[in-house]
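Now for the letters of each chain:
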Amino acid sequence: MSSEPIRVVVTGAAGQIAYSLLYMVAKGDVFGPEQPLILHLLDIPPMMGVLEGVVMELADCALPLLVSVIPTADPAVAFKDVDAAFLVGAMPRKQGMERKDLLSANVKIFKVQGEALDKHAKKDVKVLVVGNPANTNALVCSHYAPSIPKQNFTAMTRLDQNRAQAQIAARLGVGITKVKNIIIWGNHSATQVPDARNASVEVNGVTKSVPEAVANDEFLKQEFLETVQKRGAAVIAARKMSSAMSAAKAASDHMRDWFAGTRDGEYVSMGVISDGSYGAPKDIVFSFPVQIKNRQWTIVPGLQVDEFARGKLDITAKELLEEKEEAMAVCAAD
């Protein structure tokens, strides 16, 4: 085992997503089977009793890699010297709530967490925002942590990527690992753009492009797109609760790839600070295909974006610019 344990914080630690995520992290799915961990669990004061139960269960899992667990309601304790942060806790959207209200409630949460990261975390901390609106929450968090590189703040679109990959694998009747390089562009919202045009699939030992294998352009432009965009709502309708297990798995995939790197010729989707690639506006957190090496991501250049996708990219970019404007107005008013 690597002797030095790393410190990992999970916020919203008494919640549904964390309940699945903590086990994945603590048993070594994310940082590897040799890496000991100290888990920092942050939640709000009324949840401390519930969190105590989670701490008991983590102990009862008897996990070899788990060195210790620190439950707290204090951001200064939660973010102290952390190497990785899963920001899961956020204000959920309630019925009849306007996006503006949701944004302003979340700006307050991510301002506190950004400031705590800035003061207490390691400067090379890797931050993944899962709590929605994830892209804009990541932007706000980074804004309040100026001493940490902007590149270290990311938003999760891996759940959308995993959903899209599963849809294509099912459609073609192949195993999930046979489908590679599906992209999610833009916002983690209903405007996201799932794109299988640059993806490849192996069918009966032969690798071909997904559009060629599917041989149904209408499906890729409509049914596939809509299924992925609306999948979260479909799970809520069926389960009466949100998609917690799959969200936790996606968070674990995202952070694992960030720490371990992507395979040659493969890329993954992450919400990252835009440099203007593919005509996306600069300085918003936008989901791009990225390759990762030595814990640094780079946006994959030179992929084909056809006219259909271009129109969709512009819509999701416009939504992200509006969210940024609303969030920054709340920041300025503070």
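For clarity, every value in this text was computed on a predicted model and none was experimentally measured.

Definitions and limits used
- Residues numbered from 1 in each chain as written.
- Predicted model: local features only at pLDDT ≥ 70, side-chain atom pairs only at ≥ 80, totals over all residues.
- Heavy atoms only, no water.
- 1 Å grid on protein atoms, 1.4 Å probe; cavity = no way out; pocket = protein on both sides within 12 Å on 5 of 7 lines; lining within 4 Å.
- Points joined across faces, edges and corners; volume = space filled by probe spheres on them.
- Helix = DSSP H or I, 4+ residues; strand = E, 2+ residues; numbered from the N terminus.
- Nonpolar A, V, L, I, M, F, W, Y, C, P; charged D, E, K, R; others polar.
- Domains from an automatic or database assignment.
- Phe/Tyr/Trp six-rings, centres within 6.5 Å; stacked < 30°, edge-to-face > 60°.
- Buried < 20%, exposed > 50% of the residue type's maximum accessible area, 1.4 Å probe, protein only.
- Lys NZ or Arg CZ within 6 Å of the ring centre and 35° of its normal.

A.B. asks: Just to check I follow, could you spell out the layout of surface pockets for this structure?
C.D. replies: The probe, sized like a water molecule, is rolled over the atoms to show the empty space still left. Here the largest pocket defines a volume of roughly 1,700 Å³. Looking at the lining of the largest pocket, the elements with two or more residues in it are helix H1 (16-26), helix H4 (99-120), helix H6 (158-172), helix H9 (223-229), helix H10 (231-239) and helix H12 (307-333). Per-element accounting of the lining of the largest pocket gives the leading share, five residues, to H4. Of the residues in the lining of the largest pocket, the class split is 25 nonpolar, 16 polar and eight charged. Lining the lining of the largest pocket are residues from two domains, each supplying at least three of them: domain 1 (6-155) and domain 2 (157-322). As a volume, the second largest pocket reaches approximately 630 Å³. The wall of the second largest pocket is formed by 26 residues, among which Arg158, Gln161, Asn162, Gln165 and Arg256 lie closest to the centre. Of all elements in the fold, only H6, strand S7 (179-180) and helix H11 (244-260) reach the threshold of two or more residues within the lining of the second largest pocket.

A.B. asks: Would you mind going over the packing of aromatic side chains with me for this structure?
C.D. replies: For any pair of aromatic rings, geometry is given as the distance between the ring centres together with the angle between the planes. On inspection of all chains with the given rule, the structure shows five aromatic pairs. Where Phe31 meets Phe259, the ring centres are 4.8 Å apart and the plane angle is 85°; that geometry is what we call edge-to-face. Taken together, the residues span a long stretch of sequence, with Phe31 in the loop between H1 and strand S2 (37-42) and Phe259 in helix H11 at a distance of 228 residues. For Phe31, a relative accessible area of 13% translates into the label buried. Classification of Phe259 as buried rests on a relative accessible area of 14%. Taken together, the aromatic side chains of Trp185, Tyr278, Phe286 and Phe288 make up a single cluster linked through ring pairs. Here the basic side chain of Arg171 rests over the ring of Phe219, its NZ or CZ set 3.9 Å away from the ring centre.

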